[in-house]
Amino acid sequence: MATSPLNLAELEPVALEKTLAELGAPAFHGRQIFAWIHRRGVTRFEAMTDLPAGLRQALAERFAIYTPQLERVDQSTDGTTKFLLRLADDRRIESVYIPDTPAQTFCISTQVGCAMGCAFCLTGKMGLVRNLTAGEIVGQVRVLAHHTGLAGIAFNIVLMGMGEPLHNYDATMQALRILADPRGLGVHPRRVTLSTVGLIPALERLATEPLMPNLAISLHATTDPARTALVPLNRRYDLEALLDACRRFPVRRRARITFEYVLLAGVNDTPDDARRLVRLLDGIRAKVNLLPLNEAPGIPFRRPDDARVNAFAKILADKGVRVLVRRSRGRDIRAACGQLIVEGGRKSAAQQLADRMAPAADAAPR
Ligand code: SAH
Ligand code: SF4
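Residues numbered from 1 in each chain as written. Chains lettered and ligands numbered in written order. Predicted model: local features only at pLDDT ≥ 70, side-chain atom pairs only at ≥ 80, totals over all residues. Heavy atoms only, no water.

What to know about the pairing of strand β12 (residues 322–325)
We apply this condition: Only protein chains enter the accessibility calculation, which uses a 1.4 Å probe; a residue is then buried when its area is under 20% of its type maximum, exposed when over 50%, and partly exposed in between. By definition, any uninterrupted DSSP run of H or I lasting at least four residues is a helix, any uninterrupted run of E lasting at least two residues is a strand, and each is numbered from the N terminus. The rule for pairing is simple: two strands pair if DSSP sees at least two bridges between them. Convention used here: a crossover is right-handed provided that the path from the first strand, over the helix, to the second strand proceeds clockwise when the strands point away from the viewer.
Residue alternation in β12 divides its side chains into a buried set, V323 and V325, and an unburied set, R322 and L324. Taken together, the 4 bridges between strand β11 (residues 286–292) and β12 define a ladder with parallel strand orientation. Within β12, the position partnered with N289 by the bridge is L324. Viewed along the sheet, the connection from β11 through helix α11 (residues 306–318) into β12 turns out right-handed.

Structure (structure tokens):
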């Protein structure tokens, strides 16, 4: 069976140099190619005009530069833009651009589907279809940065699209290293937030990384039975173990760990939950993002009303916990894309992804 050519878009500069050396070409051409791909968004070898013509041809014969293909762009009246991207094997993923939150933010996927099976999440219902490669993770950012004209301008990245980034650890970290390189897009890890449901061994590995993103933990409940019902992974890594790992996590000076908490009516939104949450976070430099559930067909929960959400937020705020309520944006495009991706006969997470990509903009009551 023919193997597909190596994708140069997923190599770090050192690996690119090595690949060039194996072709008998000087190493600095590797750095040039890196800049063409990532900084300039040029993915045709023949357009890399500062490379010798013979080398361009040799590269084109041996290698590929894959870029996720833009299949559809939906823009909301509030500026949120949703990108449907097609991968080389025809799988689809979505990435979202959320402007002015106050930064420009790209929400990026790390897997097609997800193995974690959280009870309120449509991506979880898909199961894991496959991991994204580092090239596909970086490719989303490249497509969005060039489409929005933000390449070369500062933007933030949240790994909050489809998938569990710590379940695709190596590709995710390789992508972050490629993104951070100043010869490419130069996105410092300080501008990246990795959201995880709490795979503790991977979290401990993350704590040792030289280039470390900001951390967001999807908590969602304040007792083990309640969390296990919502996040099956809690059976293996319970609340105490997860919060201990957070206490040990080397948080940057002046930074905080974000705790995400999807509010489900009558399930995890009581005043007792709010008070327990305050106690659980004791001793952790934390901030809490409350996400009132984005309802969707197939999700067996309801969104609490605003009064309930605000009461929950107020209990946290009164105890000195930093809290934001993230409210959904882009409702109009969600309405417009009723039947976007179908994977395995099931409507995928595409629609839900946009729903939950609410910016952390509206502050909770003080
Ligand atoms: N797998 C990672 C990152 C992707 S999910 C994680 O779970 O952290 C990003 C965030 O969206 C998580 O906090 C997740 O709980 C939240 N989310 C998932 N489904 C949602 C829904 N229906 N409504 C609101 N938020 C949702
Ligand atoms: Fe996976 Fe995150 Fe969805 Fe849970 S909430 S199923 S971890 S994508």
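There's more to say after this.
Some points on the site of ligand 2
For clarity, the cut-off: If a single non-hydrogen atom of a residue is within 4 Å of a molecule or strand, that residue counts as near it. Gly is put with the polar residues, along with every residue not named as nonpolar or charged; the nonpolar set is Ala, Val, Leu, Ile, Met, Phe, Trp, Tyr, Cys and Pro, and the charged set is Asp, Glu, Lys and Arg.
Taken together, C114, M116, G117, C118, C121, G124, G163, E164 and V197 make up all the residues around ligand 2. For the shell around ligand 2, the per-class residue count stands at 5 nonpolar, 3 polar and 1 charged.

Thoughts on the pattern of salt bridges
Test applied: In the sections that follow, a salt bridge refers to a side-chain nitrogen of Lys or Arg positioned within 4 Å of a carboxyl oxygen of Asp or Glu.
Under the definition given, this model contains 19 salt bridges. Note that D269 and R308 form a salt bridge whose closest N and O atoms lie 2.9 Å from each other. In this pair, D269 is assigned in the loop between β10 (257–263) and α10 (271–280) and R308 in helix α11, connecting sequence segments 39 residues apart. Owing to a relative accessible area of 3%, D269 belongs among the buried residues under this scheme. Residue R308 is classed as partly exposed on the basis of its relative accessible area of 35%. D272 serves as the salt-bridge partner of R275, at 3.2 Å between the closest nitrogen and oxygen. Pair noted here: R275 and D272 are both in helix α10, with a separation of 3 residues, about one helical turn. Looking at R275, the relative accessible area reads 38%, which means it is partly exposed.

Comments concerning the sheet that holds strand β8 (residues 192–196)
Rules: Think of each axis as a best-fit line through the C-alpha atoms, taken over the contacting stretch in the case of a helix, with angles from 0 to 180 degrees between the N-to-C directions. Whether two residues are in contact is decided by their heavy atoms: any pair within 4.5 Å suffices.
A sheet is described by the order of its strands in space; here 10 strands give the open sequence β1-β2-β3-β4-β7-β8-β9-β10-β11-β12, paired in mixed fashion. Either end of the sheet is taken by a strand with one partner, and the two such strands are β1 (69–75) and β12. Strand-to-strand twist of the sheet, defined as the mean angle between neighbouring strand axes without regard to direction, takes the value 20°. In this structure, strand β7 (residues 156–159) lies alongside β8, joined through 3 bridges in parallel fashion. From the neighbouring strand, V158 faces β8, where its bridge partner is T193. Along the sheet face, helix α5 (residues 134–147) touches β1, β2 (81–86), β3 (92–98), β4 (105–107) and β7 and points at about 45° away from the line of β3.

Here's the deal with the nonpolar core
To keep things clear, this is the line we draw: What we call a nonpolar core is a set of buried Ala, Val, Leu, Ile, Met, Phe, Trp, Tyr and Cys residues that are connected through their side-chain atoms within 4.5 Å. Bear in mind that the domain bounds are from an automatic or database domain assignment.
Counting residues in hydrophobic clusters, the biggest one holds 107 residues, and the most contacted among them are F120, F259, L290 and L316. Counting residues domain by domain, this core receives three or more from each of domain 1 (6–64) and domain 2 (69–362). In this structure F259 touches I217, L219, L243, C246, L281, I284, A286, K287, V288 and N289, once residues within four positions along its chain are discounted. By size, the runner-up hydrophobic cluster in this structure holds 6 residues, among which are I98, C107, V158 and M160.

Details of unusual backbone geometry
For H220, which is not glycine, the phi torsion reads 70° and is therefore positive. Looking at the element boundaries, H220 is found in the loop between β9 (214–218) and α8 (224–230). Among the residues examined, H220 registers a relative accessible area of 4% and is labelled buried. Notably, R254 is not glycine yet its phi reads approximately 65°, a positive angle.

Focus: α10
Note the following rule: When we speak of the arc, we mean the arc of directions from the helix axis to the C-beta atoms.
Those residues of α10 not exposed but buried are D273, A274, L277 and V278. With its buried residues spanning 140° around the axis, α10 presents them on a single face. Elements in contact with the buried residues of α10: β10, β11 and α11.

Let's talk about the packing of aromatic side chains
Heads up, the rule is: Aromatic contacts are taken between Phe, Tyr and Trp rings whose centres are within 6.5 Å, Trp giving its six-membered ring; a plane angle under 30 degrees counts as stacked, one over 60 as edge-to-face, and the others as tilted. Whether a charge sits over a ring comes down to the Lys NZ or Arg CZ being within 6 Å of the ring centre and within 35 degrees of the ring normal.
Using the criterion set out here, one finds 3 aromatic pairs in the structure. A ring pair is formed by Y261 and F312, whose centres lie 5.2 Å apart and whose planes are at 35°; its orientation type is tilted. Within this pair, whereas Y261 is found in strand β10, its partner F312 is found in helix α11, the two being separated by 51 residues in sequence. Three or more aromatic residues joined by ring pairs make a cluster, and in this case those are Y97, F106 and F155. One Lys or Arg, R40, reaches over the ring of W36 and ends 3.8 Å from the middle of that ring.

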